[in-house]
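Close look at the chain arrangement
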Amino acid sequence: MKSDYLVVGAGAMGMAFTDVLLAETDATVTLVDRRAQPGGHWNDAYPYVRLHQPSMFYGVPSTPLGEDHRDTSGGNEGLFELAPKGEVLTYYERLLQRRFLASGRVSYRSRHEYLGEGRIRSLVTGGETEVEAAHLVDATYMNVTVPSMRPPAYAVDPAATVIAPNQLPLLDAPAERYVVIGAGKTGIDACLWLLEQQVPSECIVWIMPRDSWMLDREQIQPTARFFDETIGGFAIESEAIAQAESIPDLFRRLEQAGRLLRIDPNVEPTMYRCATVTRRELEELRRLENIVRLGRVQRVAASEIELDGGTLPTSSATVHVDCTADGLERRPARPIFDGGRITLQSVRTCQQVFSAAFIAHVEATYEDDASKNELCQAIPHPDTALDWLRCGLQNRLNAARWSADDELAQWIATCRLDVTASAMIGTEAERIASVFARLAAATPPAMKRLEELLSQEADRAS
């Protein structure tokens, strides 16, 4: 086979990258994936999963996802729709059939693995094919993993019941108690699902190795109505950073301004992984009183759970829900453009699809790798609370580079996947100018203060 680009991975990032290539170049693409259909980890996710950001700016630039309506019930009531698993998978399948394959420029090989050096192998027949391509695009490097894709990382005795979140809706008998293991997005979703099913809060135990800072989803809404919460919120963050006397003082200011949320106001979070909740969902989570903060689980036995800091009684009538897979793994940053190889990574924190589309536009527009890499500085996924600062600094540095390039700034302003662009639709010009002026004034002192705070933390740690 001959192709201009060999894209390995038909998940969200591979699909967004390919979509922009189709729109902005005449290139041909061979798209390869181990799964039977596009959508990446969405194929393996639990059935009650939904986006944690509005559908309006998820997917690919060319094709809207959802109908831009507001949810009328549940924890997301009043905010813009969050596509569920089935809708996301249907979206990607239609995109593949109606846009990618219909273009005549994309060849798709499902159930194939990449062997290296341009060779792919069918997982069905074992047959190998050589793909002659000028560019290799690695859309798998971020290594998204959900619980159903691997066994628990801790020991499990045969007499204990430990399931992936996918199996929760398949249980046909009530448990005496449910133990949710893991405090990330998946753990949040599992707790909320159990509460929605009317499981008494006292029958739910939440093992929380680390408390997390979370984002208020109401402040990440892509329309004029929420302009102050989106763009204006960035200015509020910058002002809080510039005024902060220390890192604890900064987080206190961010919480007071509503930019960050936490489960327990008496417990200082040490984790930040971009999870979003509404205040209504937060109140539901706060109903859970059986929160165990004894570190990570080491073993689930028939009668007790062994953790880093102690043990917890359990029983054979208890269902343990493993939510510990590292869905947003913190991978080492690599040069995105390296000769004929392109390694897709986030260039805006936790905005993978925007990042992939942006990288494709840079690939289509700029000539040399040095210029491309200057514009595409990878930002590893956050993990600790301190990463909020690190990612915030890199986000601001990247944004400064982009805004200095008029063509690039115009592309971003019209990209469907950019929440800033979406929030500007229908907003009065005077309001836009006022908020951006405030943001512009607050950004330089915020960047300087971020560098100072990070330097202080590095000195303290050493």
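For the structure, see preceding data.
Residues numbered from 1 in each chain as written. Predicted model: local features only at pLDDT ≥ 70, side-chain atom pairs only at ≥ 80, totals over all residues. Heavy atoms only, no water.

**Here's the deal with the pairing of strand 16 (residues 304-307)**
Under the convention used in this document: Throughout this description, buried means an accessible area under 20% of the type-specific maximum (1.4 Å probe, protein chains only), exposed means over 50%, and partly exposed covers the range between. Here a helix means four or more residues in a row that DSSP labels H or I, a strand means two or more in a row labelled E, and each is numbered from the N terminus. Pairing between strands is defined by DSSP: at least two bridges between them are needed.
Side chains Ile305 and Leu307 of strand 16 all project onto a buried face; the interleaved residues Glu304 and Glu306 project onto a face where none is buried. Where strand 15 (residues 297-300) hands over to strand 16, the hairpin turn is made up of three residues, counted between the paired strands. The pairing of strand 16 with strand 17 (residues 310-313) spans four bridges and is antiparallel. Residue pairing for strand 17: Glu306 is matched across the bridge by Thr311. What sits between strand 16 and strand 17 in their antiparallel hairpin is a turn of two residues.

**Focus on the state of the cysteines**
Quick reminder of the rule: Two cysteine sulfur atoms form a disulfide, by the criterion used here, when they sit within 2.5 Å.
On inspection of all chains with the given rule, the structure shows one disulfide. Between Cys274 and Cys350 runs a disulfide, and the two sulfur atoms are separated by 2.1 Å. Because the torsion about its S-S bond is 75°, the bridge between Cys274 and Cys350 counts as right-handed. One end of the pair, Cys274, is in strand 13 (residues 271-277); the other, Cys350, is in the loop between strand 20 (341-343) and helix 7 (352-365), and 76 residues separate them in sequence. The residues Cys274 and Cys350 share a single accessibility class, namely buried. Considering cysteine sulfurs only, Cys323 is the nearest to Cys191, which forms no disulfide, with 7.3 Å between them. Relative accessible area serves as the criterion here: at 0%, Cys191 is assigned to the buried category. Of all cysteine sulfurs in the structure, the one in Cys274 sits closest to Cys391, which takes part in no disulfide; the separation is 6.7 Å. Classification of Cys391 by relative accessible area gives buried; the value is 4%.

**A look at the sheet that holds strand 5 (residues 119-122)**
By way of backbone hydrogen bonds, the strands of a sheet pair with one another, either parallel or antiparallel. In plain terms, the rule: Angles shown run from 0 to 180 degrees and are taken between the N-to-C directions of axes, each axis being a line fitted to C-alpha atoms and, for helices, limited to the stretch in contact.
Sheet architecture is open: three strands sit in the order 4-5-6, paired in antiparallel fashion. The sheet terminates laterally at strand 4 (112-116) and strand 6 (128-130), the two strands that pair on one side only. Strand-to-strand, the axes of this sheet are offset by a mean angle of 30°, without reference to chain direction. Examined bridge by bridge, strand 4 and strand 5 share four bridges and lie antiparallel to one another. Each bridged residue has a counterpart across the sheet, and for Gly116 the counterpart in strand 5 is Arg119.

**Description of the sheet that holds strand 14 (residues 291-292)**
Pairing in this open sheet of five strands is parallel, and the strands run 9-18-10-11-14 from one edge to the other. A single partner strand is all that each edge strand has here, and the edge strands are strand 9 (161-163) and strand 14.

**Thoughts on the environment of Tyr366**
Quick note on the threshold: Residue contacts are defined here by distance: any two heavy atoms, one from each residue, within 4.5 Å place the two residues in contact. Under the rule applied, a polar contact is a pair of N or O atoms within 3.5 Å (in protein, one hydrogen donor and one hydrogen acceptor; residues adjacent in sequence only if both atoms are side-chain atoms).
Its place among the elements puts Tyr366 in the loop between helix 7 and helix 8 (369-375). Judged by relative accessible area, which is 17%, Tyr366 ranks as buried. As a C-alpha pair, Tyr366 and Gly59 span 307 residues in sequence and 24 Å in three-dimensional space. Sequence-distant contacts of Tyr366, that is, excluding residues within four places in its chain, are made with Lys372, Leu375, Asp405, Glu407 and Leu408. Here Asp405 takes part through its side chain, which lies 2.6 Å from a polar atom of the side chain of Tyr366.

**Notes on helix 10 (residues 406-413)**
Put simply, the rule is: Comment: arc refers to directions from the helix axis out to C-beta atoms.
Within the span of helix 10, buried status applies to Leu408, Trp411 and Ile412. Along helix 10, the residues classed as buried sweep out an arc of 100° about the axis, all on the same side. Two or three places before Glu407, at the opening of helix 10, Asp405 has a side-chain oxygen 3.1 Å from that residue's backbone nitrogen.

**Description of the packing of helix 9 (residues 386-403) against helix 12 (residues 429-461)**
Threshold: Definitions for this section: a left-handed crossing has its near helix turned counterclockwise from the far helix by less than a right angle. A right-handed crossing has that turn clockwise. Polarity classes work like this: nonpolar for Ala, Val, Leu, Ile, Met, Phe, Trp, Tyr, Cys and Pro, charged for Asp, Glu, Lys and Arg, and polar for all others, with Gly in that last group.
For the pair helix 9 and helix 12, the least separation of the axes is 10 Å and the interaxial angle reads 140°. Between helix 9 and helix 12 lies a crossing whose hand is left-handed. Listed contacts from helix 12 to Leu386, Leu389, Arg390, Gly392, Leu393, Arg396 and Leu397 of helix 9 are Ala446, Met447, Leu450, Glu451, Leu453, Leu454 and Glu457. Among the residues forming the contact of helix 9 with helix 12, the class breakdown is nine nonpolar, one polar and four charged.

**Section: unusual backbone geometry**
Backbone geometry places Asn143, a non-glycine residue, at a positive phi of 55°. Examined against the element boundaries, Asn143 turns out to sit in the loop between strand 7 (132-138) and strand 8 (155-156). In this structure Asn143 comes out as partly exposed when scored by relative accessible area, which is 33%. A positive phi angle is found at Cys350, which is not glycine, with a value near 55°. For Cys350, a relative accessible area of 11% corresponds to the buried category.

**Things to note about the pattern of salt bridges**
Which entries qualify depends on this criterion: Salt bridge, as used here: a side-chain nitrogen of Lys or Arg that lies within 4 Å of a carboxyl oxygen of Asp or Glu.
Scanning the entire structure with this criterion turns up 35 salt bridges. Here Arg438 makes a salt bridge to Glu239, at a shortest N to O gap of 2.8 Å. In this pair, Arg438 sits in helix 12 while Glu239 sits in helix 4 (residues 227-243), placing the two residues 199 residues apart along the sequence. Of the residues examined, Glu239 reaches a relative accessible area of 25% and is grouped as partly exposed. Taking the shortest distance from any N to any O, the salt bridge between Arg262 and Glu255 comes out at 2.9 Å.

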